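# Commentary on secondary and tertiary structure
The lines below spell out each chain.
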Amino acid sequence: MVFDSHCHTAFSTDSRMTLEEAMEAAATKEIGLIITEHMDYDYPQPEAFLFEPQEYLAAYAPYRSEKLLLGVEIGMRAECKAANQALLANYAFDQVIGSIHVVEGMDIYDAAFYKGRSKRDVYCRYFEAMLQCVEEYDFIDALGHIDYIARYARYEDTEVYYGEYMDLIDAILLVVAGRETALEINTRRLESPLRLRQLLPIYERFAALGGRFVTIGSDAHKPEDVGRWLRKGLAIAEFAGLQPVYYRERRRYGYDDKVLV
């Protein structure tokens, strides 16, 4: 079964989608769904992007099945490593996405992060933070949206061009590949053929460096976005020679529902 492996409902600060709406959208598209609510410890805005794990798991437990899995998207920062480790040790999530949302104490969404700084300076700092975290976070299942910064950067051209940041991106991909962690293909930006072409070299390089696995997720926050552009994500995986996977009880499965090692 094809899975949308990245989806947010009302336990995430930035989503109002109900579980029932998400499940209905997934059923319409005949796909499986992994809910991955945001947990960003020590976020710049107090109380934002935090949820009560026990409440989340208990509320959604009646719906948990082979088609509906319960995961988490943790915000990776060096100073939050211990808190994230404790979270995963104490609660039984199916899949853990590790993502970079905050750099230098600022949300990448915040215009202040870009003020008075060149694109190269900011993007290098973003990838440096990501590299530090993937080196330290050896307990995630997938590295989320490597191109996240391109959504919100305050530049005329926000695209990530692999050739411009090759050394840093390669260093990240080597760590991810070496641990057999999955690299997410986040489909949120794939409506544009240009964006797809710019992302493809990163996944081809991941395969060349020994990477094997990708998760594919829409990063949906609204029902209409559940499962969006998954076919394009599958096309990227096929072209790059990477295997789409999902995680259940922290074990890796192929889309044929067989455990992979």
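Residues numbered from 1 in each chain as written. Predicted model: local features only at pLDDT ≥ 70, side-chain atom pairs only at ≥ 80, totals over all residues. Heavy atoms only, no water.

Ordered by their spatial adjacency, 9 strands build an open sheet running 1-2-3-4-7-8-9-10-11, and the pairing between neighbours is mixed. Every interior strand has two partners, whereas the edge strands, strand 1 (3-7) and strand 11 (251-254), have only one. Pairing geometry for strand 2 (residues 32-39) and strand 3 (residues 68-75), over 7 bridges, is parallel. Looking at strand 3, one finds that Met-39 is bridged to Ile-74. Along the sheet, helix 1 (residues 19-29) contacts strand 1, strand 2 and strand 3; its crossing angle with strand 2, the most-contacted strand, is approximately 145°. Packing of helix 8 (residues 230-240) onto the sheet brings it into contact with strand 1, strand 8 (182-186), strand 9 (213-217) and strand 10 (243-248), and relative to strand 9 it is tilted by some 165°. (Pairing = 2+ DSSP bridges. Helix = DSSP H or I, 4+ residues; strand = E, 2+ residues; numbered from the N terminus. Contact = heavy atoms within 4.5 Å. Axes fitted to C-alpha atoms, helices over the stretch in contact; angles between N-to-C directions.)

The subject of this paragraph is the nonpolar core. Membership of the largest hydrophobic core comes to 84 residues, with the highest contact counts inside it found for Phe-127 and Tyr-203. Here this core gets 10 residues from one element, more than from any other, and that element is helix 4 (residues 119-136). Not counting the four nearest positions on each side in its chain, Phe-127 is found in contact with Ile-146, Val-160, Tyr-165, Leu-168, Ile-169 and Ile-172. Grouped together as the second largest cluster of nonpolar side chains are 5 residues, Ala-142, Ala-182, Val-245 and Tyr-247 included. (Core = buried A, V, L, I, M, F, W, Y, C linked by side-chain atoms within 4.5 Å. Buried < 20%, exposed > 50% of the residue type's maximum accessible area, 1.4 Å probe, protein only.)

Attention now moves to the environment of Met-76. In this structure, Met-76 sits in the loop between strand 3 and helix 3 (81-90). Separated by 57 residues in sequence, Met-76 and Cys-133 have C-alpha atoms that sit 6.2 Å apart. Other than its neighbours up to four places away in sequence, Met-76 contacts Gly-98, Ser-99, Ile-100, Cys-133, Val-134, Tyr-137, Ile-140 and Leu-143.

The next subject is the side chain of Thr-215. Within the secondary structure, Thr-215 sits in strand 9. If we ignore the near neighbours within four places in the chain, the residues touching Thr-215 are Ser-5, Gln-95, Ala-142, Ala-182, Leu-183, Glu-184, Ile-185, Val-245 and Tyr-247.

On to the side chain of Ser-218, then. Within the secondary structure, Ser-218 is located in the loop between strand 9 and helix 8. Within the local environment of Ser-218, its side chain forms a polar contact with the backbone nitrogen of Ala-220, the two atoms lying 3.2 Å apart. Once residues lying within four places of it in the same chain are set aside, the contact partners of Ser-218 are Asp-4, His-6, Asn-186, Thr-187, Arg-188, Asp-225, Val-226, Gly-227, Arg-228 and Leu-230. (Polar contact = N/O pair within 3.5 Å; in protein donor to acceptor, adjacent residues only side chain to side chain.)

In total, this model carries 1 cavity of 30 Å³ or more according to the counting rule given. The volume enclosed by the largest cavity comes to roughly 40 Å³. (1 Å grid on protein atoms, 1.4 Å probe; cavity = no way out; pocket = protein on both sides within 12 Å on 5 of 7 lines; lining within 4 Å. Points joined across faces, edges and corners; volume = space filled by probe spheres on them.)

Inspection of every chain in the model, using the stated rule, returns 18 aromatic pairs. Seen from their ring centres, Tyr-56 and Tyr-60 are 5.4 Å apart, and the 75° between their planes marks the pair as edge-to-face. Of this pair, Tyr-56 and Tyr-60 both sit in helix 2 (residues 53-60), 4 residues apart, which is roughly one turn of the helix. There is no split in this pair, since Tyr-56 and Tyr-60 are both buried. (Phe/Tyr/Trp six-rings, centres within 6.5 Å; stacked < 30°, edge-to-face > 60°.)

These figures come from the coordinates and say nothing about function on their own.
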